[in-house]
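Remarks on the overall topology
Chain by chain, the residues run as shown.
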Amino acid sequence: MSSETEPEVVKSEDEWREELSPEQYHVLRQAGTERAFTGKYWDCHDDGIYRCAACGAELFDASSKFESGTGWPSFYEPKVADAVVQIEDRTLGMRRVEVRCRRCGSHLGHVFPDGPQPTGQRFCMNSASLELEPRA
């Protein structure tokens, strides 16, 4: 698990509010969670690269996406390992691992040790935190 690092992209909360939709702001900047089975990517099977909706950093390749049955888009690994930061999360009386975008520090979701091989990890992301760039 990585320690917190200073993000490369730094903006005021007012700037983030202007650039993001209310749902994106809630998820990305306030560590909110969208309801299961409601996000635009939970059942998306399109090919491409999933980028951070806040800063555009490449986060996940569609080839690592899998059906987890949870109602959120799930991936077994980031596109590049250091594209995300993993931070211990003890909110809501649980012990979980939060996943943030390394580039801007935005909340993406959580990672769990119950995913498929080859990693055994399930990066359970919020659709509101992602933008899919279709592969050409």
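Before reading further, recall that the structure is shown in the block above.
On a predicted model such as this, the values are computed, not experimentally measured, just so you know.

What counts and what doesn't
- Residues numbered from 1 in each chain as written.
- Predicted model: local features only at pLDDT ≥ 70, side-chain atom pairs only at ≥ 80, totals over all residues.
- Heavy atoms only, no water.
- Pairing = 2+ DSSP bridges.
- Helix = DSSP H or I, 4+ residues; strand = E, 2+ residues; numbered from the N terminus.
- Axes fitted to C-alpha atoms, helices over the stretch in contact; angles between N-to-C directions.
- Phe/Tyr/Trp six-rings, centres within 6.5 Å; stacked < 30°, edge-to-face > 60°.
- Buried < 20%, exposed > 50% of the residue type's maximum accessible area, 1.4 Å probe, protein only.
- 1 Å grid on protein atoms, 1.4 Å probe; cavity = no way out; pocket = protein on both sides within 12 Å on 5 of 7 lines; lining within 4 Å.
- Points joined across faces, edges and corners; volume = space filled by probe spheres on them.
- Nonpolar A, V, L, I, M, F, W, Y, C, P; charged D, E, K, R; others polar.
- Contact = heavy atoms within 4.5 Å.

Section: the sheet that holds strand β2 (residues 58-61)
Read across the sheet, three strands follow the order β2-β1-β9 without closing on themselves; strand pairing throughout is antiparallel. Looking at the sheet topology across the chains shown, the edges are occupied by β2 and β9 (130-134). Averaged over all pairs of adjacent strands, the angle between strand axes in this sheet comes to 30°, irrespective of strand direction. Relative to β2, strand β1 (residues 48-52) runs antiparallel, the two sharing three bridges. Pairing of Arg51 across the sheet is with Glu58, part of β2.

Here's the deal with the packing of aromatic side chains
Tallied over the full model, the rule gives five aromatic pairs. For the pair Tyr41 and Tyr50, a centre-to-centre distance of 5.3 Å together with 90° between the ring planes defines the contact as edge-to-face. Considered together, Tyr41 and Tyr50 belong to a single accessibility category, that of buried residues. With a centroid separation of 5.1 Å and 70° between ring planes, the pair formed by Tyr50 and Phe75 is classed as edge-to-face. Residue Tyr50 is located in strand β1, and its partner Phe75 is located in strand β4 (residues 74-75); the two are separated by 25 residues in the primary sequence. Neither residue differs from the other here; Tyr50 and Phe75 are each classed as buried.

Side note on the pairing of strand β7 (residues 107-112)
Judged by how many residues are buried, β7 sits mostly within the fold: five of six residues are covered. Here strand β6 (residues 96-101) pairs with β7 via four bridges, running antiparallel. Across the sheet, the residue bridging to Arg100 is His107, located in β7. Here β6 folds back onto β7 in antiparallel fashion, the turn holding five residues, of which Gly105 has a positive phi close to 80°. When β7 meets strand β8 (residues 122-125), the two strands line up antiparallel, connected through four bridges. Bridge pairing in β8 places His110 opposite Cys124.

Side note on the layout of surface pockets
Over the atoms rolls a probe the size of a water molecule, and in doing so it shows where empty space is left. In this structure, the largest pocket spans a volume of roughly 160 Å³. Together, Thr33, Thr70, Trp72, Arg96, His107, Gly109, His110, Phe112, Arg122, Cys124, Met125 and Asn126 line the largest pocket. Residue assignment for the lining of the largest pocket shows that the elements contributing at least two residues are β7 and β8. For the lining of the largest pocket, the leading source of residues is β7, giving four residues. Here the residues of the lining of the largest pocket are counted per class, giving four nonpolar, six polar and two charged.

Here we look at helix α2 (residues 22-30)
Note that an α-helix has 3.6 residues per turn; residues three or four places apart therefore point the same way. The complete set of buried residues in α2 reads Gln24, Tyr25, Val27 and Leu28. As for α2, its buried residues are in contact with α1 (13-19), β7 and β9. Among the residues trailing α2, Ala31 stands out with phi positive, at a value near 55°.

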